[in-house]
Amino acid sequence: MNRFAGRAAVVTGAGSGIGQSVALRLAAEGARVLGVDIDAVALDRTLALAKGEVNVRRCDLGNASECRDAIDDAVARFGRLDILGNIAGIARGEHVGEVSEAAYRQMMAVNVDGYFFMAQASLPHLVHDGGVIINVASNAGLVGQAYTVVYCMTKGAVVQLTRALAMEYLKTPLRVVAIAPGGVDTGLTREYQMPADVDWDLVMRYSGARGLATPADISSLLAFLASDEAKNIHGTVVSSDGGMTAG
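Residues numbered from 1 in each chain as written. Predicted model: local features only at pLDDT ≥ 70, side-chain atom pairs only at ≥ 80, totals over all residues. Heavy atoms only, no water.

**Student:** Can you help me understand the packing of helix 3 (residues 64-78) against helix 4 (residues 101-129) in this one?
**Tutor:** Between two packed helices, what matters for the description is the angle formed by their axes and the separation of those axes. Where helix 3 meets helix 4, the axes come as close as 9 Å, and the angle between the chain directions of the two elements is 35°. Remark: the crossing between helix 3 and helix 4 carries right-handed chirality. On the side of helix 3, the interface is formed by Ala 64, Cys 67, Arg 68, Ala 70, Ile 71 and Val 75, while helix 4 contributes Gly 114, Phe 117, Met 118, Ala 121, Ser 122 and His 125. Classifying every residue of the contact of helix 3 with helix 4 by side-chain character gives eight nonpolar, three polar and one charged. (Axes fitted to C-alpha atoms, helices over the stretch in contact; angles between N-to-C directions. Helix = DSSP H or I, 4+ residues; strand = E, 2+ residues; numbered from the N terminus. Left-handed = near helix turned anticlockwise from the far one by under 90°. Contact = heavy atoms within 4.5 Å. Nonpolar A, V, L, I, M, F, W, Y, C, P; charged D, E, K, R; others polar.)

**Student:** Could you clarify how one ought to interpret the sheet that holds strand 1 (residues 8-12) in this entry?
**Tutor:** Neighbouring strands of a sheet are bound in pairs by backbone hydrogen bonds; such pairs are parallel or else antiparallel. The seven strands lie next to each other as 3-2-1-4-5-6-7, forming an open sheet whose pairing is parallel. Edge strands, defined here as strands with exactly one partner in the open sheet, are strand 3 (54-58) and strand 7 (237-240). On average, each strand axis in the sheet is inclined to that of its neighbour by 20°, with strand direction left out of account. In the sheet, strand 4 (residues 83-86) pairs with strand 5 (residues 132-136) via four bridges, with the strands oriented parallel. Residue pairing across strands places Ile 83 opposite Val 132, the latter belonging to strand 5. Along the sheet face, helix 4 touches strand 1, strand 4 and strand 5 and points at about 175° away from the line of strand 4. Together, strand 5, strand 6 (175-181) and strand 7 form the strand contacts of helix 5 (residues 149-168), whose direction differs from that of strand 5 by roughly 160°. (Pairing = 2+ DSSP bridges.)

**Student:** Looking at this model, I keep getting lost on the state of the cysteines. Mind explaining?
**Tutor:** The bond known as a disulfide is covalent and runs between the sulfur atoms of two cysteines. Under the counting rule described, the total for this entry stands at zero disulfides. Cysteine Cys 59 shares no disulfide, and the gap to the nearest cysteine sulfur, in Cys 67, comes to 4.7 Å. (Disulfide = S-S within 2.5 Å.)

**Student:** Teacher, can you tell me more about helix 2 (residues 40-49) here?
**Tutor:** Each full turn of the α-helix corresponds to 3.6 residues, which orients residues three or four apart in the same direction. Restricting attention to buried positions, one finds in helix 2 the residues Ala 42, Leu 43 and Thr 46. All buried residues of helix 2 lie within an arc of 100° about the axis, which places them on one face of the element. Residues Val 41 and Ala 48 are exposed on helix 2 and point more than 90 degrees away from its buried face. Contacts from the buried residues of helix 2 go to helix 1 (17-28), strand 2 (32-37) and strand 3. The opening residue of helix 2, the one whose side-chain oxygen lies 3.1 Å from the backbone nitrogen of Val 41, is Asp 39. (Buried < 20%, exposed > 50% of the residue type's maximum accessible area, 1.4 Å probe, protein only. Arc of directions from axis to C-beta. Polar contact = N/O pair within 3.5 Å; in protein donor to acceptor, adjacent residues only side chain to side chain.)

Everything listed is a geometric property; what it means functionally is a separate question.
So, in structure tokens, the structure goes:
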């Protein structure tokens, strides 16, 4: 399949998990990809797996100037920008009363600031080329979840970023869409820890009955949403959570 031949993409969080899967999927389908991540070693692992054109760049997404530089780099390399995949994220389980200011600021920087600054820098190019922004939110941005208050806040912000951008750019060729996964089998999920004294009855309220998705489940959905087949999908949040938020 070459449905992205001649198109260029920037993918955040490309060193692992969903971001890596997306970068590899888009490149395999013909896109020229710039994958960014704060972990340069992880980006090298992504390069080793690539079948197609994947370029990499270390980027601190909490730094607005680094986000702008990454987008400028992509446009300089490719001459255009068609797809922004805002995917990078961090998560923690914690009692809200024990969240430190540093931990709060870090999660906001990666999960919200990076999404905003990458989108902001991309907008002129994506509007010009009729491109798409796809933000990876979470079911945690749609429903409240115990012991993840800050994470839920950040993903709710991603949902509203998607909707607000979609409205502001309604009269342009730009599309803006979000994906809201449930649990996905990534390193982030496998290393996820909860405080020892949580009330598991509260946690199990939002545990899926169908198990974890794979990164490929999400990257295949993202590839569809980035394609011309999804040209009428704009401003919506597409859940991929095995029915967790259905009722």
